[in-house]
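# Reading the structure
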Amino acid sequence: MSYSNEELLKMYKQMQLSRIFEEKLLQLVSEGGLPGFCHSAMGQEAVHAGALTAMGENDYLVPTHRNHPSLVNKLETKKYLCELLGKYDGYNKGKAWEHISSKEDKVLPASGDLGVGVPLAAGFAYGLKAQKKDGVVVAFCGDGATSEGNVHEGLNLAAVFGCPIVFLIENNQYGISCHVSHSTKAKKLSDKAVGYGMYGVTVDGNDVIKVREAMDEAIAKARTGVPSLVEAVTYRWRSHFEGEPALYRDPKEAEEAMKDCPIKKLREQLLKDGVLNDQLMKEIDAELWKKVDDCFEFAKKSPIPTKEQTIVYDEVYASNLGGALE
Amino acid sequence: MRTITCAQAMMEAMAEEISRDEKVFFMGEDIGKMGGCFGQHFGLLQQFGPERIIDSPICESGYTNFANGAAMAGMRPVIEIQFADFMGLAFDAFGNQGPKFRYMTGGMWSVPLTVRAPQGGYIGAACQHSQCAEAWFMNLPGLKIVVPTTPYDSKGLLKAAIRDNDPVLYLEHKALLQTKGEVPEEEYIIPLGQAKVVKEGADVTIITYQAMLYQALDAAIELEKQGISVEIIDPRTLIPLDLDTILKSVKKTGRVVIAHEAPKRGGAGAEIGAAIAEFAYNDLKAPIKRIGALNIPLPFGAQPESYCLPNKSHIIEAAKELMNK
C-alpha cells in the first residue's frame, strides 16, 4: 500500500517528536529531575507511529507503561510531561504518572500490573459495541506480559465475544531482564492467536510502513467485530528503566540492534523518494525542538499537588458513600 | 406482606434493574443456561436474552477485568464469581484495578461495577467453597462491601449496589438463599452505609450479619430468659460502615459482642471492635468480645465443620461473661 506524502511526513514527525522528547527527558532523568521510574521506548517509535496514524478519531488507545512515543503525540505534550513529573497541570493532576489517561483524547490508563490492559481493553471494546458506539480499541501489550494469565483470558474473551479490538504486541525482546526466548517457546508471538481462533500477524516493528499496513488491515477487521493480534518486532534500546545497568544482556547485542533505527530507516527512504530534503528536515527538527523545549519549560513551573489536592474524597469515590478516608 | 426467599428477592432486584437501565448486564460462569450454580438466576436468560445475561468462559480474573473495561466504557456490569472463595483469582482485577482507576486518574474515570459472590459455610462444602471473603477486601480503598442478610435487605441493597458509581462487592450468603422474609411488592432501595437495629435491648449489643445474625436472634431468646436484654445491630455494609448507629448502641449498653462467621483473626470484627475502642472507650463497661471461626481451613462435611464455625452457644457464652453470669 502506498501512503500520501502528507501521511508519510506525519509518521516521520511523530517518531522524531518522540525521539527528541525522550532525549530531553533522559537528560532530565540523569540530572535527577524525574520522580519514579522512566521507561524509555527509544528505538520503538515505529510501532507507535504505525498504530497511531492508522487509528481514527473515534478509536481508543490502551497503552502500556512504556508509552512515550504514543502519548507524546496523542496527548498535549506539555500536559503529558506534567503528569510524568507528578505535576498538578498533568492530565490526571499528577496522580497517574505513567498510568496516565485522558477520556477526552480516548486514552485509557495503563495498568501498573502487566497484562491487565488486555482483558480491560477487551471489555471496553465490548462496552462500545454494546452501546452501538463507533470506534475500535487498540491495546498495546509487551512481549513480557504475554506470559500473564490475564493476557490469555483477555484474548480469549475478545474472540468469544467478537470485540472490536486490535491487540498490538510490541515485542522489544525484553521483559525487564527476561529475553523473549525465555518467555515462550512459540516461534512468533502472533502464533498465539491460533489458540483463540484469531487472526495473527508478525511484522518488522522497525519499519513504520509495515506496522501501518498491518494495523490498517487489523483495524478494518476490528470495525466488523473481528479482533486480531499484531506482533511488531523491535528492540528496547535502553535498559528497563533509566539507571538500571542491563547486566543481563551483551552490550554488543544492543549496539548491533541499534543500527536498525526506525527513524533513520524512514528518513533514508523519504530522502530517496524526494518526500524529504535537508531543508525540510531542519525545519521539522527546529519545530519539534521548540515544542519540546516549551513543554519542559512549562512543566518545570507547574506545581506539585498540595495536600488538599492530594486527599480528595471525590476522587476516591464517585458517589458520596465510601466511608471515611481516615 | 408477602414472603419470599433471599434468592427470589435478588432475582427481582436483577430483573428490575436490567429492565430499568439498558446499560446493566449480568455476566458470570453458568449464570445463563444453567441459571446459576444454585439455580438462583434461572429465568433471567429467558427473560432478557444472551446480550444482557452473558455466560462467560471460566476465567474469573479475565472477566472481572473485562467488566472493569465495560464499566469504563459506560456500561453498568454486574458479574458473579460463582463462589466467593474464587475471588482470589479476581483479586487483582477487583482489588487493585477497579477501585484504583478513579483516584489514579484524578477523578476522570469511574468504575460502576457490582461483583456478586456467594459466600459462607454451614453447607459442608469444605475449605475452598465455604469461606467468607469480606475481610480480604476491607484493606483496599476505593471499593464498597455489602453483606446482606434478609430477603428485604438483599433486594434493596443489591439495587443500590447496581446504581452505585463505584466498584461494589456484594457478598450474598449461600446458606441463606432459601431463607424467607417479608418483601414489599413496591420498589424500594436501601442506601449503602446504613446499619439496621434488628432488635432493641438494654444490656449487650451484638453486632453481627448473615448466618450469625440468625444465630444471634436465637441466642437472644435464651439470653432474655436468663434476664439479659440483647440489642442486635446488622451493619449491612462494611464499607461504608455506619459507625454512628453502632456507637449509639454501645453508649446505651456498654457491652459489645461482635460475631461473624469468617475466622476471628483479621476479620471484619477486628475493625469494628477497634473503631469502638477508639471512639467509645469510655462507654464500655467490659472488654469487647469477638466471635469468629477458628483459624483453620474449614473441614469437609457438616459435623467436622461445626467444630470450627461459631454458633449461638458462643454468643450466649460471650454475653453471659460480659454480664458476669
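Fair warning: this is a prediction, and the values are worked out from it, not measured in the lab.

Let's shift gears to the domain arrangement of chain B. Residue and element names in this part refer to chain B. Partitioning chain B into structural domains gives domain 1 (3-182) and domain 2 (196-322). Its C-alpha centre places domain 1 at a distance of 26 Å from the equivalent point of domain 2. Each partner contributes residues to the interface: domain 1 has 23 residues there, and domain 2 has 24 residues. For the side of domain 1 that touches domain 2, the secondary-structure elements that each account for two or more residues are β6 (144-146) and α5 (151-163).

Now for the sheet that holds strand β2 (residues 24-28) of chain B. Residues and elements named next belong to chain B. Taken in spatial order, the 7 strands line up as β3-β2-β4-β5-β7-β6-β12 in an open sheet, and their pairing is mixed. Each edge of the sheet is formed by a strand with only one pairing partner; in this case those strands are β3 (53-55) and β12 (237-239). Taking each pair of neighbouring strands and ignoring which way they run, the sheet shows an average axis angle of 20°. One ladder, built from 3 bridges, connects β2 with β3; its direction is parallel. Counterpart to Met27 in the pairing with β3 is Ile54.

Moving on, we come to the pairing of strand β3 (residues 165-171) of chain A. Residues and elements named next belong to chain A. Among the 7 residues in β3, 7 count as buried, and that is most of the element. Alternating positions in β3 separate into two faces, Ile165, Phe167, Ile169 and Asn171 on one and Val166, Leu168 and Glu170 on the other, with burial throughout. By the bridge criterion, 6 bridges tie strand β2 (residues 137-142) to β3 in an arrangement that is parallel. From the neighbouring strand, Val137 faces β3, where its bridge partner is Ile165. Assessed by its sense of winding, the connection that carries the chain from β2 through helix α6 (residues 149-160) to β3 is right-handed.

Residue and element names in this part refer to chain A. Viewed as axis vectors pointing N to C, helix α5 (residues 117-130) and α6 meet at an angle of 20°, and their least axial separation amounts to 7 Å. For the element pair α5 / α6, the angle class is roughly parallel. Two packed elements cross with a definite hand, and for α5 against α6 that hand is left-handed. Mapping the contact onto sequence places Val118, Pro119, Ala122 and Ala125 in α5 and Asn150, Val151, Glu153, Gly154, Leu155, Leu157 and Ala158 in α6. Looking at the contact of α5 with α6 residue by residue, the classes come out as 8 nonpolar, 2 polar and 1 charged.

Buried accessible area, meaning the area lost when the parts come together, often serves as the stated size of an interface. At the junction of the two partners, chain B supplies 39 residues and chain A supplies 39 residues. Mapped by element, the contributors of at least two residues to the side of chain B that touches chain A are α3 (60-72) and α4 (91-104) of chain B. The element contributing the most residues to the side of chain B that touches chain A is α3(B), with 10 residues. Across the side of chain B that touches chain A, the residue classes tally to 19 nonpolar, 15 polar and 5 charged.

A few words now on the nonpolar core. Of all hydrophobic cores here, the largest spans 191 residues; its most connected members are A:Phe124, A:Ala125, A:Ala139, A:Ile165, A:Val166 and B:Leu169. Take this core: its biggest share by element is 9 residues, from α5(A). Here this core gathers at least three residues from each of two domains, domain 1 (3-182) and domain 2 (196-322) of chain B. The contacts of A:Ala125, once residues within four sequence positions are left out, are A:Val136, A:Val137, A:Ala158, A:Cys163, A:Pro164 and A:Ile165.

Definitions and limits used
- Residues numbered from 1 in each chain as written.
- Chains lettered and ligands numbered in written order.
- Predicted model: local features only at pLDDT ≥ 70, side-chain atom pairs only at ≥ 80, totals over all residues.
- Domains from an automatic or database assignment.
- Contact = placed C-beta atoms within 7 Å.
- Helix = DSSP H or I, 4+ residues; strand = E, 2+ residues; numbered from the N terminus.
- Pairing = 2+ DSSP bridges.
- Axes fitted to C-alpha atoms, helices over the stretch in contact; angles between N-to-C directions.
- Buried ≥ 20, exposed ≤ 12 C-beta atoms within 10 Å, placed from the backbone.
- Right-handed = clockwise from strand over helix to strand, strands pointing away.
- Parallel < 35°, antiparallel > 145°, perpendicular 65-115°, else oblique.
- Left-handed = near helix turned anticlockwise from the far one by under 90°.
- Nonpolar A, V, L, I, M, F, W, Y, C, P; charged D, E, K, R; others polar.
- Core = buried A, V, L, I, M, F, W, Y, C linked by C-beta atoms within 7 Å.

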